[in-house]
Amino acid sequence: MPRRQGYALLIALVAGTAALAAAVAFATTLLSGPRSAPLPPAETQAAARNPVDPAASGPSWIATWTAAPVGAEAGTEGGLPGRTVRNVVHTSIGGDAARITLSNLFGTTPLVVDQATVNTRPVTFKDATTVTVPAGGRVVSDPVVVPVAPDSDLQVSFRTPRGGGPVTFHGYTHQTSFLIDDRGTFTTSNWRYLTAVDVRTEQAVGAVVALGDSLTAGSGSTTDANARWPDVLADRLGGRYGVANAGIAGNRIVGVGRGTGGQSSTDRLDRDVLGVAGARTVVIALGINDVQQYPQEADPQRIVDSLRALTDRAHARGLRVVGATLTPFEGFATWTPQRDAVRHAVNEQIRSGKIFDAYVDFDAAVRDPAAPNRLLASYDSGDHLHLNDDGYRALGDRVDLKSLDRARTPRSDAL
């Protein structure tokens, strides 16, 4: 065969092979359609909590639920050996995969978990079914391919084969969870070890974190009704933002009061707000315990300065900050005219626009117009400080949704 004809035949064969490959690829695309992006590798510690980049495209990890660790659970110095903890949590947004965060923040010995599930789907940690959480530490699981529905209950279970105490917990949850051992299944109102559930989603643009006290945690609301004001807010947002509840009953801006108020918001801001996956906006609803709880803060300016310091720290991480006015509490055991005057002075500065990017007037939402230092009777849980379900709905409905996602603007005192 002449050399030129040989070259021509070779070229024809190559071209034919390329055309066949292109045809196969085109046909495969038609049959299979677009494929979703693969799950990212597991992340641990602070790397898993990085806020969402607003300019990023594609799926992101965003918190659908959080609980701030409060302290060491009384009577659990030896941990919960051989027990299965089944935490029931309520989601704000959905996704096609989930990951969980386990905290041993208040433990003094390593915590071993040898089985974990999300809605019965097995959970792994760096591809292993067993994980050890160091004392004072936390771990983030591998992604779990499990459909997570918005506005629904999710069961996150894990077994602790041996002691690892004391247990890091969040009490007064207003949610029924379970503790299981060889004697049976027992109900509990505590969330144990679990501090976050994140979902992989293309629908939400970020998370709103509610940093607050018992009024954010939902004290006085109906158990299992998910009637806390952040739950109401999540329903109104309709999946655009995840809502992370960082409320702790008894919490203060500065210092630790009586009871189980946890670390102050000043001390826990980095962990419970800035560390939340996808955090874009924080709503700060704090200060009433500084006013009324021993030791009471008599200088409103100190409360205002502390609120401003929280705002500045959130701004340094690019978050928008919305603040809430302090609600009435006349009739509660600690109320005095002098303490109420401190509350009014703080509210005056919040309304001035000199502390936050925007504010929500919780005080105006629930006060009695005929007796503005008191809660409206139809919103009062009965102790004249905490709200019932209708009262929390009034708070959740009061939030201006536009205030949560407008571009951050300088405070008026910085102009």
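What you see is a predicted model; the values in this text were computed from it and never measured. (Residues numbered from 1 in each chain as written. Predicted model: local features only at pLDDT ≥ 70, side-chain atom pairs only at ≥ 80, totals over all residues. Heavy atoms only, no water.)

What follows is about the packing of helix α4 (residues 265-274) against helix α6 (residues 300-316). Interhelical geometry of α4 versus α6 gives an angle of 30 degrees and a closest axis separation of 11 Å. One finds that α4 runs roughly parallel with respect to α6. In the crossing of α4 with α6, the sense of the turn from one axis to the other is right-handed. Between α4 and α6, the contacting residues are Ser265, Thr266, Leu269, Asp270 and Leu274 on the first element and Leu310, Arg313 and Ala314 on the second. Here the contact of α4 with α6 is built from residues that sort into 4 nonpolar, 2 polar and 2 charged. (Axes fitted to C-alpha atoms, helices over the stretch in contact; angles between N-to-C directions. Helix = DSSP H or I, 4+ residues; strand = E, 2+ residues; numbered from the N terminus. Parallel < 35°, antiparallel > 145°, perpendicular 65-115°, else oblique. Left-handed = near helix turned anticlockwise from the far one by under 90°. Contact = heavy atoms within 4.5 Å. Nonpolar A, V, L, I, M, F, W, Y, C, P; charged D, E, K, R; others polar.)

Turning our attention to the sheet that holds strand β1 (residues 60-66). Across the sheet, 4 strands lie side by side as β1-β15-β4-β9; this open sheet has antiparallel pairing. Two strands in the sheet have a free side with no partner beyond their single neighbour: β1 and β9 (138-140). Taking the axes of each pair of neighbouring strands and ignoring which way they run, one obtains an average angle of 20 degrees across the sheet. By the bridge criterion, 6 bridges tie β1 to strand β15 (residues 194-201) in an arrangement that is antiparallel. Looking across to β15, one finds that Trp65 is bridged to Val197. (Pairing = 2+ DSSP bridges.)

All right, on to the pairing of β15 then. For β15, a buried count of 8 out of 8 residues is recorded, marking the element as mostly surrounded by other parts of the structure. In terms of strand pairing, strand β4 (residues 97-103) meets β15 through 6 bridges, oriented antiparallel. The residue of β15 that forms the bridge with Arg99 is Asp198. (Buried < 20%, exposed > 50% of the residue type's maximum accessible area, 1.4 Å probe, protein only.)

Another point: the pairing of strand β10 (residues 153-160). The sheet contact formed by strand β3 (residues 83-90) and β10 spans 8 bridges and is antiparallel. Looking at the pairing, Val88 lines up with Gln155 of β10. As paired strands, strand β6 (residues 115-118) and β10 are joined by 4 bridges and run antiparallel to one another. Counterpart to Thr117 in the pairing with β10 is Ser157.

Side chains that are three or four residues apart share a direction in an α-helix, a result of its 3.6 residues per turn. With 7 of 9 residues buried, helix α3 (residues 229-237) lies mostly within the body of the structure. Residues Trp229, Pro230, Asp231, Val232, Leu233, Ala234 and Leu237 constitute the buried set of α3.

Right, let's get into the pattern of salt bridges. This model, assessed by the stated rule, comprises 20 salt bridges. Of the charged contacts, one joins Asp198 and Arg99 as a salt bridge, the two residues approaching to 2.9 Å between their closest N and O atoms. Here Arg99 lies in strand β4 and Asp198 lies in strand β15, a separation of 99 residues in the sequence. Arg99 shares its class with Asp198; the two are buried. Put simply, Asp340, Arg343, Arg351, Asp361, Asp363 and Arg367 are held in one network by salt bridges that share partners. (Salt bridge = Lys/Arg side-chain N within 4 Å of Asp/Glu carboxyl O.)

Pairing is parallel across the open sheet formed by 5 strands, whose spatial order is β17-β16-β18-β19-β20. Every other strand in the sheet has two partners, leaving β17 (241-247) and β20 (358-360) as the edge strands with one partner each. Strand after strand, the sheet turns through a mean of 25 degrees between neighbouring axes, direction not considered. Sheet topology note: the strand β19 (residues 320-324)/β20 ladder contains 3 bridges and is parallel. Across the sheet, Ala324 pairs through a bridge with Val360, a residue of β20. The strands that α3 touches are β16 (206-212), β17 and β18 (279-285); relative to β17, the one it contacts most, it runs at about 175 degrees.

Now for the side chain of Thr64. As for its position among the elements, Thr64 is in strand β1. A polar side-chain atom of Thr64 sits 2.7 Å from the main-chain carbonyl oxygen of Ile93. Those residues in contact with Thr64, other than ones at most four positions away along the chain, are His90, Thr91, Ser92, Ile93, Val197, Asp198, Val199 and Val243. (Polar contact = N/O pair within 3.5 Å; in protein donor to acceptor, adjacent residues only side chain to side chain.)

Further remarks concern a negative patch on the surface. Taken together, Asp151, Asp153, Asp224 and Asp235 make up a surface patch of like negative charges. Its location among the elements puts Asp151 in the loop between β9 and β10. What makes Asp151 partly exposed here is its relative accessible area of 46%. (Patch = residues over 30% accessible without salt bridge, like charges linked within 9 Å, V, L, I, M, F, W, Y side chains within 5 Å. Areas by Shrake-Rupley, 256 points an atom, 1.4 Å probe, with all protein chains shown as cover. Lys, Arg positive; Asp, Glu negative; His and termini not counted. Charge placed at Lys NZ, Arg CZ, Asp CG, Glu CD.)

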